[in-house]
Amino acid sequence: MTLGDNLKIGVLAVAVVLGVAAKSDAQGRPPMRAHTATETLPLTVAKANRSAGQSQVDISTQGTRRVVVANGIPRHKVGRFPNPGNPNRIKAQSYQFMMPLSPIAANQATSGRKRTLFGVALNGVPFDPGAAEFWQGNPRSGWQYEALGGAVPLGLDANFAHVQPTGAYHYHGLPVGLMQQLGWSRSEASPLIGYAADGFPIYAITATANGRVIEMSSSYRLNPGKRPGAGPGGDHDGTFVQDYTYVKGAGALDECNGAFVNSAEYPEGTYAYFLTDSYPVIPRCHKGTPDPSFAKRRR
């Protein structure tokens, strides 16, 4: 598997959009739309062949905190926006993210919060894996569409990113262009990709263990059989977030897609998150406490 293959993330699909409802929020959520798709088909992504504009990012330390000030514009090429699946145009943002330099892992993971970004890449672009798309447009249905599941057309580009109504460009999956710029290779330990909202580092796919490079694989698996109840029905095929379950020990990573590793930046070792080829790709929970600066703003 190569970056040029778009990393072939799972089995994916196309959806039927039946309507628009609810009000979009300022940073993190598009308008609610009602969908009835229950199966996956291959995901198509727009070619990343144009500039998003002038990138501005500064990462510094202030006392016991790391501070990332950025406009959210990547240096790598992006897809065309607006596009048929995404009506929004990329615009510069005013981000100031803060996190502890010495984060502390809790005994229990902090489940993914709907109103919190997972983290920020070194280029100042946020990681925001969840999509505000639900079965029949109802968040209370218990069935949230997986952003990389293909059942809802999100207009993603080849960086598995798209744009919110505010113009905020953000990653739903592997930041391919950034990884290429950082020299990521499957045969080497991953370079630092970014920082999570709780301060722990983010790497991609590979790490060094016992003197050799290994794949830090996800421990999430598709549930067997068919979806229960009176919901969407059909097989657990990856259309919905709820199609997956964490199976301890099934892969190298824990429920937050993390593990304790040694790296170039942390030679004495650290807990770290990993972006993976398969679900969840971007972690969906935190081991530490997310800083309030990663809360999604409303206007």
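Please read these numbers as outputs of a predicted model, since none were measured by experiment. (Residues numbered from 1 in each chain as written. Predicted model: local features only at pLDDT ≥ 70, side-chain atom pairs only at ≥ 80, totals over all residues. Heavy atoms only, no water.)

1. Concerning the side chain of Asn-86
So, point 1. Along the chain, Asn-86 falls in the loop between strand S4 (65-70) and strand S5 (95-100).
So, point 2. Exposure remark for Asn-86: the relative accessible area of 3% places this residue in the buried category.
So, point 3. One polar contact links Asn-86 to His-162, side chain to side chain, over a distance of 3.2 Å.
So, point 4. Those residues in contact with Asn-86 that lie beyond four places of it in its chain are Phe-81, Leu-154, Gly-155, His-162 and Val-163. (Helix = DSSP H or I, 4+ residues; strand = E, 2+ residues; numbered from the N terminus. Buried < 20%, exposed > 50% of the residue type's maximum accessible area, 1.4 Å probe, protein only. Polar contact = N/O pair within 3.5 Å; in protein donor to acceptor, adjacent residues only side chain to side chain. Contact = heavy atoms within 4.5 Å.)

2. Remarks on the side chain of Asp-157
So, point 1. Relative to the elements of secondary structure, Asp-157 occurs in the loop between strand S9 (134-135) and strand S10 (161-163).
So, point 2. No salt bridge is formed by the buried Asp-157. Its closest oppositely charged neighbour is Arg-50, at 8.9 Å.
So, point 3. There is a polar contact of 3.0 Å between the side chain of Asp-157 and the backbone nitrogen of Gly-79.
So, point 4. A distance of 2.9 Å separates a polar atom in the side chain of Asp-157 from the backbone nitrogen of Asn-159.
So, point 5. Every residue in contact with Asp-157, bar those within four places of it in the chain, is listed here: Val-45, Ala-46, Val-78, Gly-79, Phe-81 and Tyr-169. (Lys, Arg positive; Asp, Glu negative; His and termini not counted. Salt bridge = Lys/Arg side-chain N within 4 Å of Asp/Glu carboxyl O.)

3. Describing the confidence of the model for the protein
So, point 1. Summary statistics for the protein give a mean pLDDT of 88 and a share of 88% for residues scoring 70 or more.
So, point 2. Taken as a whole, residues 1-30 scores under 50 in pLDDT and shows 101 contacts with residues more than four places along the chain or in a different chain. (pLDDT = per-residue confidence, 0-100.)

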